[in-house]
Amino acid sequence: MDQHYSTEALERRLAELTEPLAFELRSIEENIANREEELAELKAVRQRVIGVLAKIDPDLYGPKPKAKAKTEGKQTVTPEEIKNVRTWLEEHPPNGDGFWAASLMENKEFREYTRIRSGVIMQALAELHEQSFLTLDRMGRGGSRIYKVVA
Amino acid sequence: MAFSMREFRDLDLMLKLKEAGPIPSKELAAECGADEFGSHLGRRLGWMNRYGMVERDPKTKLWSLTEAGGRVVWAKKRAALMDELEALPAEELIEVMAAITARYRLGDPMTAVMLRREFIFGTRR
């Protein structure tokens, strides 16, 4: 296999090799274009058929109600609730082992003072954590977040 | 437990280190409530080390705060400053933010990284 090719011969050889593949590529692209056209036509027809069916049977073919956003109906903590929790923690420093949402909510005085809803207590603590008022000390068993007031 | 920034802020871990003193990562993981030690905390500490917040003694293999990290932790409680910030009208916070971003660009690299990571933590929702 000790053949030597001139530059021209090499170019010719390369062209011979690539020509069939280039032809194949053109053919594939034509095919794709044809099918895209067919697909677009089919989609347009489908839309027209759905439009007719929706008039006959709107329950089955009419526009579907939009899914409710996940946040819809979710309770959001108010700035007043956050402030109340902070003030309470300042005035009643918890013991050194830290505290978590449920441990606070078990305390009747805390609930009465802060008037915080149980569904948002974790949000309030997360907010105070972001404000650097609290530090996340550790994760408890079951994934509860145990906080401490930053000294 | 992943020790990701979604749970523990850099400051949480730094406060833990301040409290515990030089400590092996295995013990620090246990202090943070991890049942078993994985490589997660080690990786996190590795990044914090790269950013200059914490350091590991190569001989004792104990982790502790760097001098710069210690300054950040000790500077945390400036209650008067926090009250002032809270009292600022929202529009003036934009100027405060501009000052912070200037410090981000021009300040020391460790503080810049911490500012960036705090922003990520605080705006992730």
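Residues numbered from 1 in each chain as written. Chains lettered and ligands numbered in written order. Predicted model: local features only at pLDDT ≥ 70, side-chain atom pairs only at ≥ 80, totals over all residues.

1. Comments concerning the overall build of chain B
Okay, so step 1: The secondary structure content of chain B amounts to seven helices and two strands.
Okay, so step 2: Along its sequence from the N terminus, chain B presents helices and strands in the succession α-α-α-β-β-α-α-α-α.
Okay, so step 3: Expressed as a percentage of the 125 residues in chain B, the buried residues total 21%.
Okay, so step 4: Here the analysis covers contacts within chain B between residues at least 6 apart in sequence; of these, 57% occur between residues at least 24 apart. (Helix = DSSP H or I, 4+ residues; strand = E, 2+ residues; numbered from the N terminus. Buried ≥ 20, exposed ≤ 12 C-beta atoms within 10 Å, placed from the backbone. Contact = placed C-beta atoms within 7 Å.)

2. Comments concerning the overall build of chain A
Okay, so step 1: Regarding its fold elements, chain A presents six helices and two strands.
Okay, so step 2: Of the regular secondary structure in chain A, the N- to C-terminal order runs α-α-α-α-α-α-β-β.
Okay, so step 3: A total of 151 residues make up chain A; the buried ones form 16% of that total.
Okay, so step 4: Expressed as a percentage of contacts within chain A between residues at least 6 apart in sequence, the contacts between residues at least 24 apart total 53%.

3. Quick notes on the nonpolar core
Soluble globular proteins: nonpolar side chains tend toward being buried together.
Okay, so step 1: Residues Ala124(A), Leu125(A), Met14(B) and Val54(B) are the most contacted members of the largest nonpolar core, which totals 35 residues.
Okay, so step 2: Within the residue set of this core, elements represented by two or more residues are α3 (79-91), α4 (101-105), α6 (121-130) and β1 (134-139) of chain A together with α1 (10-20), α2 (25-31), α3 (40-50) and β2 (63-65) of chain B.
Okay, so step 3: Sort the elements by how many residues they give to this core and α1(B) lands first, with five residues.
Okay, so step 4: The contacts of Leu125(A), once residues within four sequence positions are left out, are Ala101(A), Leu134(A) and Tyr147(A). (Core = buried A, V, L, I, M, F, W, Y, C linked by C-beta atoms within 7 Å.)

4. Regarding the pairing of β1(A)
Okay, so step 1: With five of six residues buried, β1(A) is to be regarded as a mostly interior element.
Okay, so step 2: Hairpin connection from β1(A) to strand β2 (residues 145-149) of chain A: five residues lie between these consecutive antiparallel strands, with Gly142(A) at a positive phi of about 90°. (Pairing = 2+ DSSP bridges.)

5. Looking at the packing of α3(A) against α6(A)
Residues and elements named next belong to chain A.
Okay, so step 1: In the contact formed by α3 and α6, the axes pass within 10 Å of each other and the chain directions differ by 70°. Considering the angle they form, α3 stands roughly perpendicular to α6. Contacts between α3 and α6 involve Glu 81, Ile 82, Val 85 and Arg 86 from the former and Ala 124, Glu 127 and Leu 128 from the latter.
Okay, so step 2: Classifying every residue of the contact of α3 with α6 by side-chain character gives four nonpolar, no polar and three charged. (Axes fitted to C-alpha atoms, helices over the stretch in contact; angles between N-to-C directions. Parallel < 35°, antiparallel > 145°, perpendicular 65-115°, else oblique. Nonpolar A, V, L, I, M, F, W, Y, C, P; charged D, E, K, R; others polar.)

6. A closer look at the interface of chain B and chain A
Okay, so step 1: Taken residue by residue, the interface counts 12 residues in chain B and eight residues in chain A.
Okay, so step 2: When its residues are assigned to classes, the side of chain B that touches chain A shows five nonpolar, two polar and five charged.

7. Considerations on the pairing of β2(A)
Okay, so step 1: Note that β1(A) and β2(A) share five bridges and pair antiparallel. From the neighbouring strand, Met139(A) faces β2(A), where its bridge partner is Arg145(A).

8. Things to note about the environment of Ala126(A)
Okay, so step 1: Inspection of the secondary structure puts Ala126(A) in helix α6.
Okay, so step 2: As a C-alpha pair, Ala126(A) and Arg145(A) span 19 residues in sequence and 9.2 Å in three-dimensional space.

9. Remarks on the packing of α1(B) against helix α4 (residues 67-74) of chain B
Residues and elements named next belong to chain B.
Okay, so step 1: Viewed as axis vectors pointing N to C, α1 and α4 meet at an angle of 100°, and their least axial separation amounts to 10 Å. Between α1 and α4, the angle falls in the class roughly perpendicular. Only Gly 69, Val 72 and Val 73 of α4 make contact with α1, whose side of the interface consists of Met 14, Leu 15 and Lys 18.

10. Some words on the confidence of the model for chain B
Okay, so step 1: Scored by pLDDT, chain B has a mean of 84; 90% of the residues are at 70 or more.
Okay, so step 2: Interface predicted TM-score (ipTM) for the complex: 0.74; the corresponding pTM is 0.63. (pLDDT = per-residue confidence, 0-100.)

11. What to know about unusual backbone geometry
Okay, so step 1: If you check the backbone angles, Ser132(A) has positive phi at about 70° while not being a glycine.
Okay, so step 2: In this structure, Ser132(A) sits in the loop between α6 and β1.
Okay, so step 3: Classification of Ser132(A) as partly exposed rests on a count of 17 C-beta atoms within 10 Å.
Okay, so step 4: Despite not being glycine, Lys61(B) shows a phi value in the positive range, around 60°.

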